[in-house]
Amino acid sequence: MASVSLREIYKKYAGGVIAVSDFNIEIKDKEFIILVGPSGCGKSTTLRMIAGLEEISEGELYIGDRLVNDVAPKDRDIAMVFQNYALYPHMTVFENMAFGLKLRKVPKDEIARKVEEAGRILDISHLLDRKPKALSGGQRQRVALGRAIVRNPQVFLLDEPLSNLDAKLRAQMRTEISKLHKKLGTTFIYVTHDQTEAMTMGDRIVVMKDGYIQQIDTPTNLYNNPVNQFVAGFIGSPQMNFIDAKLLKRDGKYVVEFGSEDTKTARGVKYEVEVPESKADPEALEPLVNQEVVLGVRPECIHDEEMFISAAKTGIINATVEVTEMMGAETYLYLTCEGINLTARVSPRSTARPQDEIQVALDPNRIHIFDKETEKAVVN
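Keep in mind that this is a model prediction, so the values were computed, not measured.

Peer 1: What is the right way to read the packing of helix α4 (residues 137-149) against helix α5 (residues 167-184) from this model?
Peer 2: The description of two packed helices rests on the angle between their axes and on the distance between the axes. Direction vectors running N to C along α4 and α5 enclose 15°, while the axes themselves pass 11 Å from each other. When the interaxial angle is binned, α4 and α5 end up roughly parallel. In the crossing of α4 with α5, the sense of the turn from one axis to the other is right-handed. Packed against α4, whose contacting residues are Gly138, Gln141, Arg142, Leu145 and Ile149, the element α5 presents Leu169, Gln172, Met173, Glu176, Ile177, Leu180 and Leu184 at the interface. Each residue belonging to the contact of α4 with α5 can be placed in one class, and the counts come to 7 nonpolar, 3 polar and 2 charged.

Okay, here's the thing in C-alpha cells:
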C-alpha cells in the first residue's frame, strides 16, 4: 500500500483558467481522505491529476516514494471508481470485473480467484453471471468497486460514486465503503459534494473552494473549529446560522450585539450574547471591538426548552416561528428575529407551531465569531 503526496500542485487550462491552486497534502498509507466542496471547486480535477487523466501544470505528485507526474495512468498502481460506474453492457459482472486483469495477462485461475473473492467481499457472488442491465443501481456500484478491488491497487480513487443512488441506498453504501476500506487496508481518496458523506466516512477532510484548500482536518475539528465562514457554512446540516452583529466591550467583558433599532419610532430590539471567558481571546477580539462581525450559531445550539431559557444568563431572544419540519428524531424550526432568519434543531417534543411567538436561548459556549471583512474565525 502507499502514501500519496501532492506538493504545490497547480492545474492551469488554456486562456488562463486556474482550476487548482497550490494544492499541498501528505496522505498517509491506509488513510481515508475526502475532498469536498461545491461544484467547480477543483476536487474532481485534483483526483484526475492523481489518476493521471489530467496533466499536472506545476508541482510534484508522489505515490509512495515514486514521482509519478509523467507516469502513465496504467502504471501508477491506482484504481478509479467513477460516478457513472462505466460498466461494459455486453459483458457479465464476472467479465466486467475480470477485464482489467485479462489486459494484464493474469492467469485465468488467478483471475477467477480474485473475482470470486471480491464478489464475496461485496456480497455480489450470486450476480456474477448477470449483465449490468439486470442490476439495480446499488448492485452496479458494487460491481464497479469489485472491478477496482481485483486489481489490488495501492490507492483507490472514488469520484462521487454514490451520487446516482437514492437516499436510503446512499446511506447503506456509505457504510459498505467504510467497511471495505477497513477490510482492504488501502489508501482511499474520495471526492464528494455531499458533506454528510464527508463527515461520516473520512479520517480527514479537505474542504475546497475555487481551486484552493480552505482547511484540512478531522470531521470533528472541521465542525467545531472551522477556520473561516465558508467552512463553517459548508460543514453541517442544516447549515450554521450567520448573524450580522457588532462586537462591544462592557465592564471588561466582550459582548456580541445584534438586532434592529429604529431611532425615529423607537421600535426594534437589540439582543446580545456575552462571550464566555473560556472563548474570549483578547489578542483576537480587541482589534474588533466596536466593529461589525458575524456571529455563527449552529441550529442545535438554539434551544426552545424552558429549562435552557430559565437557566440562560445571556442570549435569550424573541422569535416568530415561520415553518416547522418534523424529522422524526428531531424538529427543525425556521424562525425570524428582527428580520434575521434562523434555523433551530430542537426536540421532537417541541410544541412550537407556525406563527407562534416564542423565546429561544442561544448557547454562548457554542458560538462562533467571524471577522466581517476577512471571514476568518476569531472565536470557535
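Peer 1: Just to check I follow, could you spell out the nonpolar core for this structure?
Peer 2: General note: in soluble globular proteins, nonpolar side chains tend to be found buried as a group. One finds Ile34, Met97, Leu145, Ile177, Tyr190 and Val207 to be the most contacted residues of the largest nonpolar core, which totals 45 residues. The element that contributes the greatest number of residues to this core is α4, accounting for 5 residues.

Peer 1: Before we go on, may I ask you to explain the pairing of strand β20 (residues 368-371) in this structure?
Peer 2: Remember that side chains alternate between the two faces of the sheet whenever the strand is regular. In β20, alternate side chains face the same way, and those of His368 and Phe370 on one face and Ile369 and Asp371 on the other are all buried. Two strands pair when backbone bridges link them, and strand β14 (residues 292-297) and β20 are joined in this way by 4 bridges, in the antiparallel orientation. Pairing of Leu295 across the sheet is with Ile369, part of β20. As paired strands, β20 and strand β21 (residues 377-379) are joined by 2 bridges and run antiparallel to one another. Considered in β21, the bridge of Ile369 is made with Val379.

Peer 1: Help me understand helix α1 (residues 43-51) in this model?
Peer 2: Think of an α-helix as turning once every 3.6 residues; residues three or four places apart then point the same way. Within α1, 7 of the 9 residues are buried, leaving the element largely enclosed by the surrounding structure. For α1, the set of buried residues is Lys43, Thr45, Thr46, Leu47, Met49, Ile50 and Ala51. Directly beyond the C-terminal end of α1, a positive phi value near 90° is found at Gly52.

Calculation notes
Residues numbered from 1 in each chain as written. Predicted model: local features only at pLDDT ≥ 70, side-chain atom pairs only at ≥ 80, totals over all residues. Heavy atoms only, no water. Axes fitted to C-alpha atoms, helices over the stretch in contact; angles between N-to-C directions. Helix = DSSP H or I, 4+ residues; strand = E, 2+ residues; numbered from the N terminus. Parallel < 35°, antiparallel > 145°, perpendicular 65-115°, else oblique. Left-handed = near helix turned anticlockwise from the far one by under 90°. Contact = heavy atoms within 4.5 Å. Nonpolar A, V, L, I, M, F, W, Y, C, P; charged D, E, K, R; others polar. Core = buried A, V, L, I, M, F, W, Y, C linked by side-chain atoms within 4.5 Å. Buried < 20%, exposed > 50% of the residue type's maximum accessible area, 1.4 Å probe, protein only. Pairing = 2+ DSSP bridges.

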